[in-house]
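The lines below spell out each chain.
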Amino acid sequence: MNRFIPRALMAPAVISLFLWMIVPLVMTIYFSVIRYNLMQPDQSGFIGLENYVYFMTDPSFGTAVMNTLLLLGSVILITVVFGTLIALLIDEPFPGRGLVRILLISPFFVMPTVNALLWKHMMMNPIYGVLAQVWIFFGGTPVDWLTDFPLFSVILIVSWQWLPFATLIFITSLQSMNREQLEASRMDGANYLQQLRYLYLPHLARSVAIVVMIEMIFLLSVFAEIYTTTGGGPGDASTNVAFLIFKQALLNFDAGVASAGALFAVVLANIAAVFLIRMVGKNLDK
């Protein structure tokens with residue numbers, strides 16, 4: 001009876017969560033094995049794995065997967081490296097440190113669409129953008145970033161938004177360091193580089209693993225920044241898997257192929273999650 005009552009009280013929440021997760025997944029699997037185009041509602045029926053074959057043989061598929069991996073790896077590398085450097089820079093007390101921390105963290109709370117619009121019109125516009133004015137000031141020719149370097153521009157935009165998240169995690173981790181150990185290392189003659197190698201970086205290992213895991217899961221579904229700035233172009237230059245699914249679902253009105261693409265993205269995310277959970281587990285065991 002002591003076990004039954006807690007389980008009975010938790011049952012509604014567990015069942016609701018289960019249905020919330022399972023019902024959309026089952027529907028996605030169902031639509032992925034039938035022909036279901038909104039422009040041709042009369043042509044439907046079971047077609048097996050044809051949607052998967054069509055999605056993976058799409059001319060944009062290989063480019064989308066490569067762009068997704070490049071976007072993922074680049075943003076994670078930028079945020080981890082610069083997040084660590086910024087966290088180390090503002091770790092020591094100085095006047096106005098609280099205000100600086102607030103300013104550093106604030107970009108993370110900007111909505112992705114607003115973030116993309118700010119960079120598109122205020123920073124990267126080739127006529128009146130901030131970067132164009134800097135180029136003109138030094139006598140150079142302004143660069144049309146979103147046309148000439150579309151994927152790099154998206155990477156820069158996403159990195160700017162996720163850098164505060166990594167910085168916040170690293171700052172929190174540094175606050176828990178043993179200050180007596182740092183003082184003892186200084187008294188023993190250790191310089192800052194030695195402290196960085198043997199004290200700071202090992203202490204940040206768990207935080208880095210957590211940041212990488214969380215960012216990898218969320219960055220697989222980057223969409224708003226691409227849709228708002230480059231529209232996946234020019235051509236497929238900045239198209240990732242999420243945007244390719246969007247094109248199949250809304251531009252081609254093919255819910256079946258889009259569902260197959262969504263399941264491919266789920267498999268990709270789970271592979272990444274399994275890898276990262278093992279990595280995080282190893283760091284937590286140290």
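Figured I'd write up the structure that's included with this text.

About the thresholds
- Residues numbered from 1 in each chain as written.
- Predicted model: local features only at pLDDT ≥ 70, side-chain atom pairs only at ≥ 80, totals over all residues.
- Heavy atoms only, no water.
- Helix = DSSP H or I, 4+ residues; strand = E, 2+ residues; numbered from the N terminus.
- Rg over C-alpha atoms; globule rule 2.2 N^0.38 Å.
- Buried < 20%, exposed > 50% of the residue type's maximum accessible area, 1.4 Å probe, protein only.
- Polar contact = N/O pair within 3.5 Å; in protein donor to acceptor, adjacent residues only side chain to side chain.
- Contact = heavy atoms within 4.5 Å.
- Patch = residues over 30% accessible without salt bridge, like charges linked within 9 Å, V, L, I, M, F, W, Y side chains within 5 Å.
- Areas by Shrake-Rupley, 256 points an atom, 1.4 Å probe, with all protein chains shown as cover.
- Salt bridge = Lys/Arg side-chain N within 4 Å of Asp/Glu carboxyl O.
- Core = buried A, V, L, I, M, F, W, Y, C linked by side-chain atoms within 4.5 Å.
- Phe/Tyr/Trp six-rings, centres within 6.5 Å; stacked < 30°, edge-to-face > 60°.
- Axes fitted to C-alpha atoms, helices over the stretch in contact; angles between N-to-C directions.
- Parallel < 35°, antiparallel > 145°, perpendicular 65-115°, else oblique.
- Left-handed = near helix turned anticlockwise from the far one by under 90°.

A few words now on the overall build of the protein. The helix and strand tally for the protein stands at 13 helices and two strands. Compactness check: the protein gives a C-alpha radius of gyration of 24 Å against a globular reference of 19 Å for 286 residues, more than 25% above the reference. Principal-axis analysis of the C-alpha atoms places the extent of the protein at approximately 80 × 75 × 30 Å. In the protein, which comprises 286 residues, the proportion classed as buried is 40%.

This part takes up the side chain of Asn240. Inspection of the secondary structure puts Asn240 in the loop between α11 (224-229) and α12 (241-251). There is a polar contact of 2.8 Å between the side chain of Asn240 and the backbone oxygen of Val222. When sequence neighbours within four positions are dropped, the list of residues in contact with Asn240 reads Ala64, Thr68, Leu71, Val222 and Ile226.

This part is about a nonpolar patch on the surface. A cluster of nonpolar side chains, namely Ile15, Leu17, Phe18, Leu19, Trp20, Met21, Ile22, Val23, Leu25, Val26, Met27 and Ile29, defines an oily patch on the protein surface of about 1,200 Å² accessible area. Position of Ile22 among the secondary structure elements: in helix α1 (residues 4-32). You can call Ile22 partly exposed: its relative accessible area is 31%.

All right, on to the nonpolar core then. Residues Ile76, Val158, Leu174, Tyr200 and Leu219 are the most contacted members of the largest nonpolar core, which totals 36 residues. Secondary structure elements with two or more residues in this core: α3 (61-89), α8 (150-175), α10 (192-219) and α12. Take this core: its biggest share by element is 11 residues, from α8. Filtering out sequence-adjacent residues up to four positions away, Tyr200 remains in contact with Leu88, Asp91, Glu92, Leu174, Met177, Leu182, Arg186, Tyr192 and Gln195.

Before going further, it helps to spend a moment on α12. Among the 11 residues that make up α12, eight are buried, leaving the element largely enclosed by the rest of the structure. Here α12 has its buried residues at Val241, Ala242, Phe243, Leu244, Ile245, Phe246, Lys247 and Gln248. Looking one or two places after α12, you find Phe253, whose phi comes out positive at around 55 degrees.

Take the packing of aromatic side chains next. Taken as a whole and judged by the stated rule, the model has 20 aromatic pairs. Consider the rings of Trp162 and Phe218, whose centres lie 5.9 Å apart with planes at 40 degrees: the pair is tilted. Within this pair, whereas Trp162 is found in helix α8, its partner Phe218 is found in helix α10, the two being separated by 56 residues in sequence. An aromatic cluster of at least three residues, connected via ring pairs, comprises Phe108, Phe109, Trp162, Phe165 and Phe218.

Now for the side chain of Asp254. Within the secondary structure layout, Asp254 lies in the loop between α12 and α13 (255-285). Of note is the side chain of Asp254, whose polar atom sits 3.2 Å from the backbone nitrogen of Gly256.

This brings us to the packing of α3 against α10. Contact pair α3 / α10: the axes reach a minimum separation of 10 Å and the direction vectors enclose 140 degrees. Between α3 and α10, the interaxial angle falls into the category oblique. Where α3 crosses over α10, the two elements pack in a sense that is right-handed. Here Leu72, Val75, Ile76, Thr79, Val80, Thr84 and Leu88 of α3 lie close against α10, whose contacting residues are Tyr192, Leu196, Tyr200, Leu201, Leu204, Val208, Val211, Val212, Glu215, Met216 and Leu219.

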